[in-house]
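Results of the structural survey
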Amino acid sequence: MLQLRQITLTFTLCLSLLASTACANHKLQDDENNGISGDEIADPLEGLNRAVFGLNEAVDILYLGPASTIYREGVPQPVQKGFRNFYRNLETPVYAINKLLQADIHGFGRATGRFVINTLAGVGGLMDVATRMGLPYEPTDFGITLARWGVQPTFYLVLPLFGPSSLRDGVGQGVDWYADPVRMVAANNDLRTERAAVSAIKALDARADVDAAIQDTRKNALDGYATMRSLYMQHREAEIKAELDRLHKKNK
Amino acid sequence: MCARINLRSLVVVAFFALGLVFATSSNRAIAAPSPEAAQELIKSMASDAISTLSAANSDQNQIKTKFHEILAKNFDLPGIAKFVLGRYWRITTPEQQDEYTHLFENYIVGIYANRFSQYSGETVSVESARQDQDATIVSSHINLTKGNQPVLVEWKVIDSSNGVPLVSDVIIENVSMSLTQRSEFATLIQNNGGKVESLLAQLRSRTKG
């Protein structure tokens, strides 16, 4: 019953996304006629997005930023590496599901292999032994799956705490969270706190990775919000294009 | 009859020849710089910048002046300024364009001087170059200290009108600095009633002193 509801929910979301894609394309064309270049993303919720951006900035300046600096500079490198391997391993089932949805059978096989090997031989995922065995880390997400199915980002979205996203990728983040087998297992075994701790470490690690870009934007940009929007969209679209090119080449 | 045909074919040939000359000359004007020339530009610029930064007893102002020189010499600053203003370039007066170009150059120099002032021994390794339409893209990695991952930086190099290669964009980890700035400036102008003056005012206050 739950399964069916899940499928229906996903299906409805996809349908509405596809519908809005058609509108967005139309909008883009209109904009082009008005001289706005194609690399701009529509931002109909700019007012709301700016408010959430301001809130995220406050949280980041007060808590997340300083905490991530302490994490990056205070925690020994090998420990950080172990943590990173660990949370990446817990995300691997979601990668595997998405590879399957992207019709990337080999990618699905590699992700599954990685999960089994690193969990069993890599001390529960703390060590990444699979990479050394020719199964490299290949992350993916439901946003990329949607892109593979032809869904456009549609419009820009700033999520509370999670930061820059788009309608497509925001839906992707939600679906990845909802369909995550590790989350379900954790929820059924009273491991919510442990899982939250892993998420927190991931957040610190990921935040530390983009520290240079964030500091640079705060210091140099005339409009930090607009700069961040452009940085995020260019980075994300390049990531997706590289992934789709790779899948396309393999299917030929 | 025979003579007429000859004359006609002569004219046709002449037109063709003329067309070819025009085609090649205009091709040369927009041709991408050779990979070697483009790589050489980035290498010499990187070594210039690093020697400036490693020089002891240079204060912030000296570094800024030196950076202005390096950027003015190696970057197509007027071209970048025009690109970044996008569609608003056409609706500005020549006086505004002049002021904007000047302000933009100072703004960019300030940003880069700022970025490089945190220099702590990073090195640049210049790698392959590939052609992309009328530009040559030079790949490089900035090798960071403290065990961080190297950063992929690509330099878009074009030939200036007098055949000197110049940098027209810096693409860091697939993010184009020129596109980012264009998006930022367009948003700023849009949110101020489409007035370019609002951007000029911000640039003025930012580049003061």
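Criteria and thresholds
- Residues numbered from 1 in each chain as written.
- Chains lettered and ligands numbered in written order.
- Predicted model: local features only at pLDDT ≥ 70, side-chain atom pairs only at ≥ 80, totals over all residues.
- pLDDT = per-residue confidence, 0-100.
- Contact = placed C-beta atoms within 7 Å.
- Helix = DSSP H or I, 4+ residues; strand = E, 2+ residues; numbered from the N terminus.
- Nonpolar A, V, L, I, M, F, W, Y, C, P; charged D, E, K, R; others polar.
- Core = buried A, V, L, I, M, F, W, Y, C linked by C-beta atoms within 7 Å.
- Buried ≥ 20, exposed ≤ 12 C-beta atoms within 10 Å, placed from the backbone.
- Pairing = 2+ DSSP bridges.

Some words on the confidence of the model for chain A
Detail in the predicted coordinates should be disregarded across regions flagged by low pLDDT. Summing up the model confidence of chain A, the mean pLDDT is 87 and the portion of residues at 70 or higher is 84%. Contacts from residues 7–38 of chain A, a stretch scored under 50 in pLDDT, to residues over four places away or in other chains number 25 contacts.

Some thoughts on the interface of chain B and chain A
On the side of chain A, 18 residues touch chain B, which itself brings 18 residues to the contact. Residue assignment for the side of chain B that touches chain A shows that the elements contributing at least two residues are helix 5 (94–117), strand 5 (175–176), helix 6 (177–190) and helix 7 (196–207) of chain B. In the side of chain B that touches chain A, the residues fall into four nonpolar, nine polar and five charged.

So, the nonpolar core
Grouped together as the largest cluster of nonpolar side chains are 36 residues, with contacts concentrated most on Ala-81, Phe-104, Val-138 and Val-157 of chain B. Considering every element that reaches this core, the biggest residue donor is helix 5 of chain B, with seven residues. Every residue in contact with Val-138 of chain B, bar those within four places of it in the chain, is listed here: Ala-38, Gln-39, Ile-42, Val-126, Ala-129, Glu-154, Trp-155 and Val-157 of chain B. The next biggest cluster of nonpolar side chains, apart from the first, holds 20 residues, and it includes Phe-155, Tyr-156, Val-171 and Ala-226 of chain A.

A few points about the environment of Leu-53 of chain B
Residue and element names in this part refer to chain B. Position of Leu-53 among the secondary structure elements: in helix 2 (residues 35–54). Residues Leu-53 and Tyr-107, spaced 54 residues apart in sequence, show a C-alpha to C-alpha distance of 20 Å. Once you skip the residues sitting within four places of it in the chain, Leu-53 turns out to touch Ile-63, Phe-116 and Tyr-119.

A closer look at the sheet that holds strand 3 (residues 151–159) of chain B
Residues and elements named next belong to chain B. Spatially, the five strands line up as an open sheet ordered 1-2-3-4-5, and their pairing is antiparallel. At either margin of the open sheet sits one strand with a lone partner, and together these are strand 1 (123–132) and strand 5. Bridge analysis of strand 1 against strand 2 (residues 135–143) gives eight bridges, and the strand direction is antiparallel. If you follow Asp-132 over to strand 2, its bridge partner there is Ala-135.

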